[in-house]
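Here is what each chain is made of, one letter per residue.
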Amino acid sequence: MSRCGAQDSLIAAATAIEDRLLVITCAGEQLEIGFGDLPALKRVRARDRPRLEVASDGSYIHWPTPDIHLDVDSIRAVLDPAWRDRLRLQKAAHDERYGIALRALREAAGLTQRQIPGLSDRQVRRIEHGANLRAASLERYAAALSLSLAELLDAAAERLASRS
């Protein structure tokens, strides 16, 4: 498979030059960002900056030390406020759909919101609206359904896929 199939979101090349990261997408777009401009990049020490690796499929850049992965969307979100807003809207819509799927799973199991041990009714409502999708909360939610977190997420994804 060509690594440049989704050209605008895949990385053809990347290099670190002093305090800047230069990225070329498979579409030929050049992106440049300072290591101080993105919170994750601030953790990469100057001596480790050149040690970046581009994933074989071009989906991300990886620094083994301190184990940071960075994709094109993360860079664009810093460089382009409109892109960042678009990503936030996409994430909110995604989380809301997952919340709806989780509620359907709970209801199919015959549980009320009050029957989720370790979570308040308010927390369950937030989860089911996609507003509080944190691992610890989702683990409690999954346990109430006698599922592991992975099984819960898989079941929610299956519900989402069957609805689209």
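Described below are features of the structure shown in this document. (Residues numbered from 1 in each chain as written. Predicted model: local features only at pLDDT ≥ 70, side-chain atom pairs only at ≥ 80, totals over all residues. Heavy atoms only, no water.)

Things to note about the overall build of the chain
Going by this rule: Secondary structure elements are defined from DSSP: runs of H or I of at least 4 residues count as helices, runs of E of at least 2 residues count as strands, and each element is numbered from the N terminus. When we talk radius of gyration, it's over C-alpha atoms, and the globule rule is simply 2.2 Å times the number of residues to the 0.38. Burial classification: accessible surface area is computed with a 1.4 Å probe over protein chains only, and a residue below 20% of its type maximum counts as buried, one above 50% as exposed, and the rest as partly exposed.
Scanning the chain from N- to C-terminus turns up six helices and six strands. Traced from its N-terminal end to its C-terminal end, the chain shows the element sequence β-β-β-α-β-β-β-α-α-α-α-α. Computed over C-alpha atoms, the radius of gyration of the chain comes to 20 Å, more than 25% over the 15 Å expected from 2.2 N^0.38 for 164 residues, which places it beyond the range of a compact globule. Over its C-alpha atoms, taken along the principal directions, the chain stretches across nearly 55 × 30 × 30 Å. By residue count, 32% of the 164 residues in the chain fall in the buried class.

Some words on the sheet that holds strand S5 (residues 61–63)
The strands making up a sheet associate through backbone hydrogen bonding, with each pair oriented either parallel or antiparallel. Note the threshold: Note: two strands are recorded as paired if DSSP finds a minimum of 2 bridges between them.
Pairing is antiparallel across the open sheet formed by three strands, whose spatial order is S4-S5-S6. Since the sheet does not close on itself, it has two edges, and those belong to strand S4 (53–54) and strand S6 (68–70), each with one partner. Two strands pair when backbone bridges link them, and S5 and S6 are joined in this way by three bridges, in the antiparallel orientation. Bridge pairing in S6 places Trp 63 opposite Ile 68.

Things to note about the packing of aromatic side chains
Keep this limit in mind: Centre distance within 6.5 Å is the pairing criterion for rings of Phe, Tyr and Trp, where only the six-membered ring of Trp is used; planes under 30 degrees apart are then read as stacked, over 60 as edge-to-face, and the remainder as tilted. We call a charge positioned above a ring when the Lys NZ or Arg CZ atom is no farther than 6 Å from the ring centre and deviates by at most 35 degrees from the ring normal.
Applying the stated criterion across every chain yields a total of one aromatic pair. Lying over the aromatic face of Trp 83, Arg 76 brings its terminal NZ or CZ to 4.9 Å of the ring centre.

A look at the packing of helix H4 (residues 121–128) against helix H5 (residues 135–144)
Put simply, the rule is: Lines fitted to C-alpha atoms define the axes here, with helix axes fitted over just the stretch in contact, and angles between the N-to-C directions of these axes take values from 0 to 180 degrees. Just so you know how the angles are binned, under 35 degrees is roughly parallel, over 145 roughly antiparallel, 65 to 115 roughly perpendicular, and the rest oblique. Contact criterion: two residues are considered in contact whenever any of their non-hydrogen atoms come within 4.5 Å of each other. Gly is placed with the polar residues, together with every amino acid not listed as nonpolar (Ala, Val, Leu, Ile, Met, Phe, Trp, Tyr, Cys and Pro) or charged (Asp, Glu, Lys and Arg).
For the pair H4 and H5, interaxial distance at closest approach is 11 Å and the crossing angle is 100°. Considering the angle they form, H4 stands roughly perpendicular to H5. Along the contact surface, H4 presents Val 124, Ile 127 and Glu 128, while H5 presents Ser 137, Leu 138 and Tyr 141. Each residue belonging to the contact of H4 with H5 can be placed in one class, and the counts come to four nonpolar, one polar and one charged.

Here's the deal with the environment of Ile 75
Locating Ile 75 in the fold gives a position in helix H2 (residues 72–79). Separated by 67 residues in sequence, Ile 75 and Asp 8 place their C-alpha atoms 12 Å apart. Not counting residues within four places of it along the chain, the set of residues in contact with Ile 75 comprises Leu 21, Val 23, Leu 31, Ile 33 and Leu 70.

A closer look at the side chain of Arg 49
Positionally, Arg 49 belongs in the loop between helix H1 (39–42) and S4. When neighbours within four sequence positions are excluded, Arg 49 is seen to be in contact with Ala 16, Glu 18, Asp 19, Phe 35, Val 44 and Trp 63.

Considering the sheet that holds strand S1 (residues 11–17)
As summarised here, the arrangement of the three strands in space is S1-S2-S3, forming an open sheet in which the pairing is antiparallel. Every other strand in the sheet has two partners, leaving S1 and strand S3 (30–34) as the edge strands with one partner each. The mean inter-strand angle of the sheet, taken between neighbouring strand axes irrespective of direction, is 15°. As judged from the five bridges shared by strand S2 (residues 20–25) and S3, these two strands associate in the antiparallel manner. By the bridge assignment, Arg 20 is partnered in S3 with Gly 34. With respect to the sheet, H2 is in contact with S1, S2 and S3, its orientation differing from that of S3 by roughly 70°.

Digging into H4
Worth spelling out the cut-off: Working note: the arc is built from the helix axis to C-beta atom directions.
Buried residues of H4: Val 124, Ile 127 and Glu 128, and no others. Viewed along the axis of H4, the buried residues span an arc of 95°, placing them on a single side of the element. Against helix H3 (81–108) and H5 lie the buried residues of H4. Looking at the residues trailing H4, positive phi occurs at Gly 130, about 80°.

Some details on the packing of H3 against helix H6 (residues 149–163)
Look at H3 against H6: their axes get within 9 Å of each other, and the N-to-C directions meet at 110°. What the angle tells us is that H3 and H6 run roughly perpendicular. In contact with Arg 97, Tyr 98, Ile 100, Ala 101, Leu 102, Ala 104, Leu 105 and Ala 108 of H3, H6 contributes Leu 152, Leu 153, Ala 155, Ala 156, Ala 157, Arg 159, Leu 160 and Arg 163. Classifying every residue of the contact of H3 with H6 gives 13 nonpolar, no polar and three charged.

Any functional reading would require information beyond the geometric quantities listed.
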